[in-house]
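Analysis of the macromolecular model
Letter by letter, the chains look like this.
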Amino acid sequence: MTLRHSPTSPYVRKVVVAATERGLADRLELKATNPWDPADDLPGDNPLGKVPALKLEDGTVLFDSPVIVRYLDTLHGAAPLFPQDGDRRWWVERTHALADGILDAAVARLIETVRRPKEFYWADWEARQTDKIDRALDLLAPEVDRLASDPPDIAAIAVGCALGYLDFRFANDDWRAGRPGLAQWYTRFAERASMQDTVPKG
Ligand SMILES: N[C@@H](CCC(=O)N[C@@H](CS)C(=O)NCC(=O)O)C(=O)O
């Protein structure tokens, strides 16, 4: 399987961490892709022009990251990334969506502040994205004990990648302030080999 990969994409990181945590990393061939380069052939695989995209042996291409991690969950016999039982199932689904939503807001904020021409900067839009991130972290912080899963499920992996992205792109914002439990959980989670091997660079 070939994974359209960018070392700075937190959605790609989530896929690679999930694959690593379930012993599937060796089955992923990483294809370096810059989704922002108009010359990149990524749209041939994903018309939306986004990473990650996963090309299977038969040529089928899967995207986006929630679909890819669900596919990965069919390939191993260990504990599921997506637990299927009871309340846990829906909490994990919701928390995965929450973490991806933090990423969506963080990426939108980055585009507003870094990619958009300065004369078009829209402060209210940036503030709107920042508020989403703050509210999502406030929802998550008192629930931190539910992130404990071994091996980590997709909720823990997605939250870990989202917090890692906030550190990577918005190091001056102190998301840890007032959320000591979440900060402590992340410190331990970030020590996992799957996270250490995928620290974003660039
Ligand atoms: N919902 C998608 C989001 C993927 C995404 O936004 N990827 C970014 C890189 S971090 C991208 O490729 N952006 C290029 C673009 O939006 O044109 C997923 O979960 O895979």
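Refer to the structure above for everything that follows.
A few points on the structure.

Cut-offs used in this document
Residue positions within a chain follow its written sequence, with the count starting from 1. Two thresholds apply to this predicted model, a pLDDT of at least 70 for residue-level local features and 80 or more for giving and counting side-chain atom pairs, whereas whole-chain, interface and lining totals are computed over all residues. Note that the side-chain values use all heavy atoms of the structure and ignore hydrogens as well as water. DSSP calls a pair of strands paired once it identifies at least 2 bridges connecting them. Secondary structure follows DSSP: runs of H or I at least 4 residues long count as helices, runs of E at least 2 residues long count as strands, and numbering of each begins at the N terminus. Any residue with a heavy atom lying within 4 Å of a molecule or strand is counted as near it. Any pair of N or O atoms that falls within 3.5 Å is considered a polar contact. Within protein, one atom must be able to donate a hydrogen and the other to accept it, and sequence-neighbouring residues count only if both atoms are side-chain atoms. What sets the accessible areas is the Shrake-Rupley method with a 1.4 Å probe; for residues, cover comes only from the shown protein chains. Method remark: on a 1 Å grid restricted to protein atoms, a set of points is classed as a cavity if a 1.4 Å probe fits but cannot get out and as a pocket if it is open with protein on both sides within 12 Å along at least five of seven lines; lining residues have an atom within 4 Å of a point. For this analysis, a molecule is said to be in a pocket or cavity if more than half of its atoms are within 2 Å of the grid points defining it. In this count, Pro and Cys sit with the nonpolar residues alongside Ala, Val, Leu, Ile, Met, Phe, Trp and Tyr, while Asp, Glu, Lys and Arg are called charged and the others, Gly among them, polar. Grid points are joined across faces, edges and corners, and a volume is the space filled by probe spheres set on the points. Residue ranges assigned to each domain were obtained from an automatic or database domain assignment.

This part takes up the sheet that holds strand β4 (residues 61-62). Read from one edge to the other, the open sheet built from 4 strands follows the order β2-β1-β3-β4, with strand pairing classed as mixed. Of all the strands in the sheet, just β2 (29-32) and β4 have a single pairing partner and so form its edges. Taken together, the 4 bridges between strand β1 (residues 2-5) and β2 define a ladder with parallel strand orientation. Within β2, the residue paired with T2 across the bridge is E29.

Around the ligand lies a shell formed by S9, P10, Y11, P35, W36, G49, K50, V51, P52, D64, S65 and P66. At a separation of 2.9 Å, a nitrogen atom of the ligand approaches a polar backbone atom of V51. One nitrogen or oxygen atom from the side chain of D64 is found 3.0 Å from a nitrogen atom belonging to the ligand. When isolated, the ligand has an accessible area of 510 Å², and the protein chains bury 81% of it. More than half of the atoms belonging to the ligand lie within 2 Å of the grid points that define the largest pocket. Elements supplying a minimum of two residues to the shell around the ligand: α1 (10-21) and α3 (65-72). Split by residue class, the shell around the ligand holds 7 nonpolar, 3 polar and 2 charged.

It is worth spelling out empty space enclosed by the protein at this point. Inspection of the entire model under this criterion finds 1 cavity of 30 Å³ or more. There is about 50 Å³ of room inside the largest cavity. Looking at the lining of the largest cavity, the elements that each hand over two or more residues are α1 and α6 (154-169). Looking at the lining of the largest cavity, its residues break down into 5 nonpolar, 4 polar and 1 charged. Lining the lining of the largest cavity are residues from two domains, each supplying at least three of them: domain 1 (2-72) and domain 2 (86-192).

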